[in-house]
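Fold and geometry: a report
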Amino acid sequence: MWVNRCQQTQCSGMALLSGVLLLLILATLVTLYVSKVKSLEYQILNNVQSRHLALNAANRGLNQALATLQAKPDWSSPGNGGVLSSGSHYVVQTTNNPLSAGTRFKRAISLSSTGTTQDGLTQANVAADAVIYPIVARIPPAPVMIGAGPAALNGAVTIGSQLVIGVNHDGVGQGQPLALWSAPVLSPTANIETCSPAYLSTVGCGGNTLSHVGAFGSDVLANSSAFPADLWLYTFNLNASELSVLAQEANVRTADCSSISSLTSGFVWVQGDCDIAPGVTLGSAAEPVLLVVENGSLTLQASAAVHGLVFWALTAANKGPFHIAANNSAVIHGVLLANQQVDTANTKVQVVYDKTALNNLQQSPFTRVAVIPGSWRDF
């Protein structure tokens, strides 16, 4: 009996030992499995993080390229790059795309950016198509363009009220000059005087006139059926209902010109009367200004000057009448556009066509960059 009981005890111990060993084996297998899963999760997390780092670098490169194009519209990259603080780096390449005939865009371009992590094991690519366009869609061919009013110039002209214009020598084409282009008729008593800019002085054209009151030559195109129906659309490629979009592009927005000085530059939008102080010169031929005066009178004090494009705008019904006035030696070098009747307020207003200044209005800082909707890709 005793031997049998010992044998049973031994068997019980062996069974217990087998159970413990089995549990240890299971625990080891579970531990190995959990370790494998955790390692896999860590690898996935590391890969996701590396992907984000590479994608951030690629996006940084593309955004940097778009910002560079804003400042330098003609910029291109054969493979320029940069390094982020994380150690990731990017390389940007640009390709010019052909433009359709008649487009107002300055340039169409494809951009691609490749981001790479610091260890070089992970890459991400981002691409987009963009267009670079000028705010001023068209360079006006005439120094003065008048788009509305019962007459292109106020018919009730008194002594001393005059509009003196330095013509665009090739305004009509084939070397034919153009001084004034208007949709309404030109009052026969409108006191205008036009000539080559070379003959202009503070006293006018000095007898070298192409047109004058009562004798308008071929450089004056009044009551023209070819005049654009919407001067906003013609100039900025935006119609009158989109003025809020255009105004947001301005570098300076103000209710008057009291803060305007010779240091003011870029795109200036004035909502109200604009009185430019004596001696103030806005812009130059190399760095012109774009000046919009909305629902207000424009006055140039003695020796004041504006180089660039002046858009004298009427946007609200039952506003005005407004006028343009200039004192001694004041002049607009470029063009004067008006979608209302021009009244020179018994002063002599001089406008001299400046092709150099106008051409520079289609360069930076008067260009904008827009990504084509749906073209942004990451892969």
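Below you will find a few notes about this structure. Predicted model, so just to flag it, every value in this text is computed and none were measured.

**Side note on the overall build of the protein**
- Helix and strand counts for the protein stand at four helices and 24 strands.
- Computed over the C-alpha atoms, the radius of gyration of the protein is 36 Å, more than 25% above the 21 Å expected from 2.2 N^0.38 for a compact globule of 379 residues.
- In terms of its C-alpha atoms, the protein occupies a principal-axis envelope of roughly 145 × 40 × 40 Å.
- A fraction of 64% describes how many contacts in the protein between residues 6 or more apart in sequence connect residues 24 or more apart.
- For the protein, the computed accessible surface area is about 19,000 Å², with 56% contributed by carbon and sulfur atoms.
- Across the protein, 16 positive and 18 negative side-chain charges occur, with their mean positions spaced 18 Å apart.

**Remarks on the side chain of Ser-182**
- By secondary structure assignment, the location of Ser-182 is in strand S9 (residues 180–182).
- When its relative accessible area of 0% is taken as the criterion, Ser-182 is described as buried.
- Setting aside residues up to four positions removed in sequence, Ser-182 forms contacts with Ile-146, Ala-152, Leu-221, Ala-222, Asn-223, Ser-224 and Phe-227.

**Details of the nonpolar core**
- Counting residues in each nonpolar core, the largest one holds 40 residues, and the members touching the most others are Leu-153, Leu-163, Leu-180, Ile-276, Leu-298, Leu-300 and Trp-312.
- When neighbours within four sequence positions are excluded, Leu-180 is seen to be in contact with Val-144, Ile-146, Leu-153, Leu-163, Ile-165, Asp-219, Val-220 and Leu-221.
- Formed by 28 residues, the second largest nonpolar core is a distinct cluster that contains Ala-142, Trp-181, Ala-250 and Phe-366.

**Here's the deal with the packing of aromatic side chains**
- Inspection of the entire model under this criterion finds seven aromatic pairs.
- Judged by centre distance (5.8 Å) and plane angle (40°), the ring pair of Phe-236 and Phe-311 falls under tilted. Of this pair, Phe-236 sits in helix H2 (residues 231–236) while Phe-311 sits in strand S19 (residues 305–313); the two residues are 75 residues apart in sequence, bridging distant segments of the chain. Across the pair, Phe-311 and Phe-236 agree in class, each one buried.
- Put simply, the rings of Trp-232, Phe-236, Phe-267, Trp-269 and Phe-311 pair up and form one aromatic cluster.

**Quick word on the pairing of strand S7 (residues 168–173)**
- Relative to strand S8 (residues 176–178), S7 runs antiparallel, the two being bridged by two bridges. Each bridged residue has a counterpart across the sheet, and for Gly-173 the counterpart in S8 is Gln-176.
- The turn linking S7 back onto S8 is made up of two residues, and Gln-174 within it adopts a positive phi angle of 55°.

**Overview of the state of the cysteines**
- On inspection of all chains with the given rule, the structure shows two disulfides.
- Note that Cys-195 is cross-linked by a disulfide to Cys-205, the S-S spacing being 2.2 Å. Here Cys-195 and Cys-205 share a disulfide; its torsion about the S-S bond, -85°, makes the bridge left-handed. A residue pair is termed long-range when its members are at least 10 positions apart, and Cys-195 in strand S10 (residues 192–195) and Cys-205 in the loop between S10 and strand S11 (211–212) qualify at ten residues.
- When its relative accessible area of 0% is taken as the criterion, Cys-205 is described as buried.
- With a sulfur-sulfur separation of 2.0 Å, Cys-257 is cross-linked through a disulfide to Cys-274. Residues Cys-257 and Cys-274 are joined by a disulfide whose S-S torsion is about -100°; by sign, that bridge is left-handed. A residue pair is termed long-range when its members are at least 10 positions apart, and Cys-257 in the loop between strand S13 (252–254) and strand S14 (266–271) and Cys-274 in strand S15 (residues 274–276) qualify at 17 residues.

**Concerning the pattern of salt bridges**
- Tallied over the full model, the rule gives one salt bridge.
- Glu-249 is paired through a salt bridge with Arg-368; the nearest N and O atoms lie 2.5 Å apart. Note that Glu-249 is positioned in the loop between helix H3 (243–247) and S13 and Arg-368 in strand S23 (residues 367–371), a separation of 119 residues in sequence.
- Residue classification places Glu-249 among the partly exposed residues on the basis of a relative accessible area of 27%.

Thresholds applied
Residues numbered from 1 in each chain as written. Predicted model: local features only at pLDDT ≥ 70, side-chain atom pairs only at ≥ 80, totals over all residues. Heavy atoms only, no water. Helix = DSSP H or I, 4+ residues; strand = E, 2+ residues; numbered from the N terminus. Rg over C-alpha atoms; globule rule 2.2 N^0.38 Å. Contact = heavy atoms within 4.5 Å. Areas by Shrake-Rupley, 256 points an atom, 1.4 Å probe, with all protein chains shown as cover. Lys, Arg positive; Asp, Glu negative; His and termini not counted. Charge placed at Lys NZ, Arg CZ, Asp CG, Glu CD. Buried < 20%, exposed > 50% of the residue type's maximum accessible area, 1.4 Å probe, protein only. Core = buried A, V, L, I, M, F, W, Y, C linked by side-chain atoms within 4.5 Å. Phe/Tyr/Trp six-rings, centres within 6.5 Å; stacked < 30°, edge-to-face > 60°. Pairing = 2+ DSSP bridges. Disulfide = S-S within 2.5 Å. Salt bridge = Lys/Arg side-chain N within 4 Å of Asp/Glu carboxyl O.

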